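Close look at the chain arrangement
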Amino acid sequence: MKKLWIGTSWKMNKSKAEAQAWTLATREAIESSPESVQPFVIPPFPYVDQVSQAFAESKAVVGAQNMCWQDAGAFTGEVSPLHLKDCGATLVELGHSERRAQFGETDETVNKKVLAALKHGLTPLVCVGDTHQEKAWGVSIESVVRQVKIALHQVPSAEVSDVIIAYEPVWAIGEHGTPATSAEAASVHDALRVALTDSFGEDIAQRTVLLYGGSVNLENANELLSQTNIDGLFVGRTAWNAEGYCHLLEIARAHS
Ligand code: PGA
């Protein structure tokens, strides 16, 4: 039975009190979710510690939205993998399109961060996506496969399936995004699975978790989760309110 990962990044949202309210309101749904569902939550840096503590000994995996590839030193404003671990994070999101578009993240820095995360035992969750223009040009698959290959450069084969990949079409994310149809999402996920199989073999490719993200909502979640090569959902707006997130967990539960 495949495990479905259902998670959210809060991006740059929520206060400390709102973070606490969300953890309290989702706790029961998270704890009662079946083995086949893996909940995760990615708060802003200042609340990673608080949210990790709230979910200590819980099934929820807690992550951060970025990190530096260095352990320590003169890197003002950066957050190291060691800081994340110290605050209880076990996962780190890397290469979200907002970071690529607005904060200079590149495939090369994502790769450095993936290697650093693995070295420290953090699960890298690598976001890849095609732009609107790449979609129009018909090069979506080439674009995301390239991003994945660079992200995984020099990752030992034995560790490839420790990396989670999220396909997040840039054109589908956020308020102005158009959700991918399940067929559009499935075709890229199928291609990613094939690319992983070609590079690392069937077994590793099958074990690597492939998430979909970008305007996931309560209407499209079920059909997206029904696609063979979609192993879960990475959700923004719909999951920022606790009720929405709990509802997504229920939808995933129905697949078990
Ligand atoms: P959204 O965000 O669900 O609000 O579109 C998704 C994301 O950026 O991961």
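Look above for the structure.
Let me sum up the structure you'll find in this document.

What follows is about the pattern of salt bridges. Going through the model one piece at a time under the given rule, you end up with nine salt bridges. Between Lys11 and Glu98 there is a salt bridge, and its shortest N-O distance comes to 2.8 Å. Here Lys11, found in the loop between strand S1 (4-9) and helix H1 (16-31), pairs with Glu98, found in helix H4 (residues 97-102); they are 87 residues apart in sequence, far enough to count as distant. Across the salt bridge formed by Arg146 and Asp107, the nearest N and O atoms sit 3.1 Å from each other. In this pair, Arg146 sits in helix H7 (residues 140-151) while Asp107 sits in helix H5 (residues 107-119), placing the two residues 39 residues apart along the sequence.

With that settled, the discussion passes to the packing of aromatic side chains. Inspection of every chain in the model, using the stated rule, returns six aromatic pairs. Plain terms: the ring middles of Trp10 and Trp22 are 5.2 Å apart, the flat faces sit at 70° to each other, and that makes the pair edge-to-face. Here Trp10, found in the loop between S1 and H1, pairs with Trp22, found in helix H1; they are 12 residues apart in sequence, far enough to count as distant. Every member of this aromatic cluster is reached through a ring pair, and the members are Trp10, Trp22, Phe55 and Tyr245. Its guanidinium or amino end placed over the ring of Trp10, Lys14 lies 5.3 Å from that ring's centre, counting from NZ or CZ. Directly above the ring of Trp171 sits Lys135, whose terminal nitrogen or CZ lies 4.2 Å from the centroid.

With that settled, consider the pairing of strand S4 (residues 91-94). Burial along S4 is two-sided: Leu91 and Glu93 and Val92 and Leu94, pointing in opposite directions, are all buried. Of the strand pairs in this sheet, strand S3 (residues 61-64) and S4 are connected by two bridges, and their pairing is parallel. Looking across to S4, one finds that Ala64 is bridged to Val92. Each parallel crossover has a hand, and for S3 linked through helix H3 (residues 81-86) to S4 it is right-handed. Bridge count between S4 and strand S5 (residues 123-128): four bridges; the pairing is parallel. Looking at S5, one finds that Val92 is bridged to Pro124.

Taken together, Lys11, His96, Glu168, Ile173, Gly174, Gly214, Ser215, Val235, Gly236 and Arg237 are the residues near the ligand. Within the side chain of Glu168, one N or O atom sits 2.9 Å away from an oxygen atom of the ligand. Arg237 places a polar side-chain atom, nitrogen or oxygen, 2.6 Å from an oxygen atom of the ligand. Of the residues that constitute the shell around the ligand, the class distribution is two nonpolar, five polar and three charged.

Below, the discussion takes up the environment of Gln50. Among the structural elements, Gln50 can be located in helix H2 (residues 48-54). As for Gln50 and Ala60, which are separated by 10 residues in sequence, their C-alpha atoms are 13 Å apart. Beyond its immediate chain neighbours, meaning those up to four positions away, Gln50 contacts Lys16, Ala19 and Gln20. Only 3.1 Å separates the side chain of Gln50 from the backbone oxygen of Lys16, close enough to count as a polar contact.

Taken in spatial order, the eight strands of this closed barrel run S1-S2-S3-S4-S5-S6-S7-S8, and their pairing is parallel. When strand polarity is set aside, the average angle formed by the axes of neighbouring strands in this sheet is 25°. Of the pairings in the sheet, the one linking strand S7 (residues 210-213) to strand S8 (residues 232-235) comprises two bridges and is parallel in character. In the sheet register, Gly213 faces S8, and the bridge partner there is Phe234. Contacts from helix H9 (residues 182-200) reach strand S6 (164-167) and S7, with the element oriented near 155° to S7. Most of the contacts of helix H13 (residues 242-253) go to S1, to which it runs at about 165°, and overall it touches S1, strand S2 (37-42) and S8.

Cut-offs and rules
Residues numbered from 1 in each chain as written. Predicted model: local features only at pLDDT ≥ 70, side-chain atom pairs only at ≥ 80, totals over all residues. Heavy atoms only, no water. Salt bridge = Lys/Arg side-chain N within 4 Å of Asp/Glu carboxyl O. Helix = DSSP H or I, 4+ residues; strand = E, 2+ residues; numbered from the N terminus. Phe/Tyr/Trp six-rings, centres within 6.5 Å; stacked < 30°, edge-to-face > 60°. Lys NZ or Arg CZ within 6 Å of the ring centre and 35° of its normal. Buried < 20%, exposed > 50% of the residue type's maximum accessible area, 1.4 Å probe, protein only. Pairing = 2+ DSSP bridges. Right-handed = clockwise from strand over helix to strand, strands pointing away. Near = heavy atom within 4 Å. Polar contact = N/O pair within 3.5 Å; in protein donor to acceptor, adjacent residues only side chain to side chain. Nonpolar A, V, L, I, M, F, W, Y, C, P; charged D, E, K, R; others polar. Contact = heavy atoms within 4.5 Å. Axes fitted to C-alpha atoms, helices over the stretch in contact; angles between N-to-C directions.

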